[in-house]
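Examining the three-dimensional arrangement
The chain contents come next:
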Amino acid sequence: MMAMDKAEIKRKSILGAVLLLTLIAVVMVDDEDFDTYLVERSYQKSNLDNPFLAFNDGPPFLQFMEDVKNGKEQAPLLVLLDINMPRMNGHEFLAALRDSEKLKHARVFVFTTSDSKKDIDLAYKNNVSGYIVKPNSSSVLRNILLSLQNFWDICENPSEAL
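What comes next is a walk through the structure. (Residues numbered from 1 in each chain as written. Predicted model: local features only at pLDDT ≥ 70, side-chain atom pairs only at ≥ 80, totals over all residues. Heavy atoms only, no water.)

A few points about the overall build of the chain
When helices and strands are counted, the chain shows six helices and five strands. Secondary structure elements in the chain, listed N-terminal to C-terminal, are α-β-α-β-α-β-α-β-α-β-α. Scored against the burial criterion, the 162 residues of the chain give a buried share of 43%. Sequence-distant contacts, at least 24 apart, represent 65% of the contacts inside the chain between residues at least 6 apart. (Helix = DSSP H or I, 4+ residues; strand = E, 2+ residues; numbered from the N terminus. Buried < 20%, exposed > 50% of the residue type's maximum accessible area, 1.4 Å probe, protein only. Contact = heavy atoms within 4.5 Å.)

In structure tokens form, the structure reads like this:
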């Protein structure tokens, strides 16, 4: 039998299943292609194992989450969500996500340029896991991504779908 390292053993989906062969993704929902590129590049440079998926708007990601709900896709580890998007802003996205009984427990971190107290308060009212203002430095960005990974590595997941 092949030995597994701690990181491999700790990888769990929000459904609580231990994932040994399939890694769960980190998802970014942001309309700014350059921001997505910077995050993905920092993610890769940080040697994080989980796949990185990007959506440039809320509606395509909500469809992806419907596929998760219907068992066609695997639930993401966490979602990095921009607030300032033109077609469906992050607050509208959160409201739609939280209105869905099957999707309302998704782990969402707001990751945006807005440091508006109004945006922060509204995001937390929609049960985000955290609110992060996008940094201006790639080294700070890498530290944020590693901190998120470390945080989820020590968290226990529910034993079944909520």
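Following the structure, the description resumes.
Let's talk about the nonpolar core
Grouped burial of nonpolar side chains is what soluble globular proteins tend to show. Counting 24 residues, the largest nonpolar core has Val29, Phe61, Met65, Leu81, Leu97 and Val108 as the members making the most contacts within it. For this core, the elements supplying multiple residues, two or more each, are strand S1 (26-29), helix H3 (58-69), strand S3 (78-81), helix H4 (90-99) and strand S4 (108-112). The element best represented in this core is H3, accounting for five residues. Sequence-distant contacts of Val108, defined by excluding residues within four places in its chain, comprise Val79, Leu81, Leu94, Leu97, Arg98, Val128, Ser129 and Gly130. Of all hydrophobic cores here, the second largest spans 18 residues; its members include Phe52, Leu78, Leu80 and Phe111. (Core = buried A, V, L, I, M, F, W, Y, C linked by side-chain atoms within 4.5 Å.)

Topic: the packing of helix H2 (residues 33-45) against helix H6 (residues 138-154)
Between H2 and H6, whose axes approach to 9 Å, the crossing angle comes to 65°. Considered as vectors, H2 and H6 are oriented roughly perpendicular to each other. Helix-helix and strand crossings are classified by hand; for H2 and H6 the assignment is right-handed. In contact with Leu38, Val39, Ser42, Tyr43 and Lys45 of H2, H6 contributes Ser138, Leu141, Arg142 and Leu145. In terms of residue class, the contact of H2 with H6 is made up of five nonpolar, two polar and two charged. (Axes fitted to C-alpha atoms, helices over the stretch in contact; angles between N-to-C directions. Parallel < 35°, antiparallel > 145°, perpendicular 65-115°, else oblique. Left-handed = near helix turned anticlockwise from the far one by under 90°. Nonpolar A, V, L, I, M, F, W, Y, C, P; charged D, E, K, R; others polar.)

Comments concerning the pattern of salt bridges
Inspection of the entire model under this criterion finds five salt bridges. Its salt-bridge partner being Asp57, residue Arg87 comes within 2.4 Å of it at the nearest N-O pair. Remark: Asp57 occurs in the loop between strand S2 (52-55) and H3 and Arg87 occurs in the loop between S3 and H4; sequence separation between them is 30 residues. Salt bridges sharing partners connect three or more residues here, namely Asp30, Asp35 and Lys134. (Salt bridge = Lys/Arg side-chain N within 4 Å of Asp/Glu carboxyl O.)

Some thoughts on the environment of Leu38
When you line up the elements, Leu38 lands in helix H2. The sequence separation of Leu38 and Arg142 amounts to 104 residues, and the corresponding C-alpha distance is 10.0 Å.

Re unusual backbone geometry
Even without a glycine there, the phi angle at Asn127 is positive, about 60°. Summarising the element assignment, Asn127 is placed in the loop between helix H5 (117-125) and strand S5 (130-133). According to the relative accessible area criterion, Asn127 is exposed, its value standing at 54%.

Notes on the pairing of S4
In terms of burial, S4 is largely enclosed, as five of its five residues are buried. Side-chain alternation along S4 places Val108, Val110 and Thr112 on one buried face and Phe109 and Phe111 on a second face that is also buried. Direction of pairing for S3 relative to S4: parallel, over a ladder of three bridges. Each residue of the ladder has a partner; that of Leu80, found in S4, is Phe109. With H4 bridging S3 and its parallel neighbour S4, the resulting β-α-β unit is right-handed. Summarising the sheet, S4 and S5 pair through four bridges and their orientation is parallel. Directly across from Phe109, in S5, lies its bridge partner Gly130. Crossover S4 to S5 through H5 is right-handed. (Pairing = 2+ DSSP bridges. Right-handed = clockwise from strand over helix to strand, strands pointing away.)

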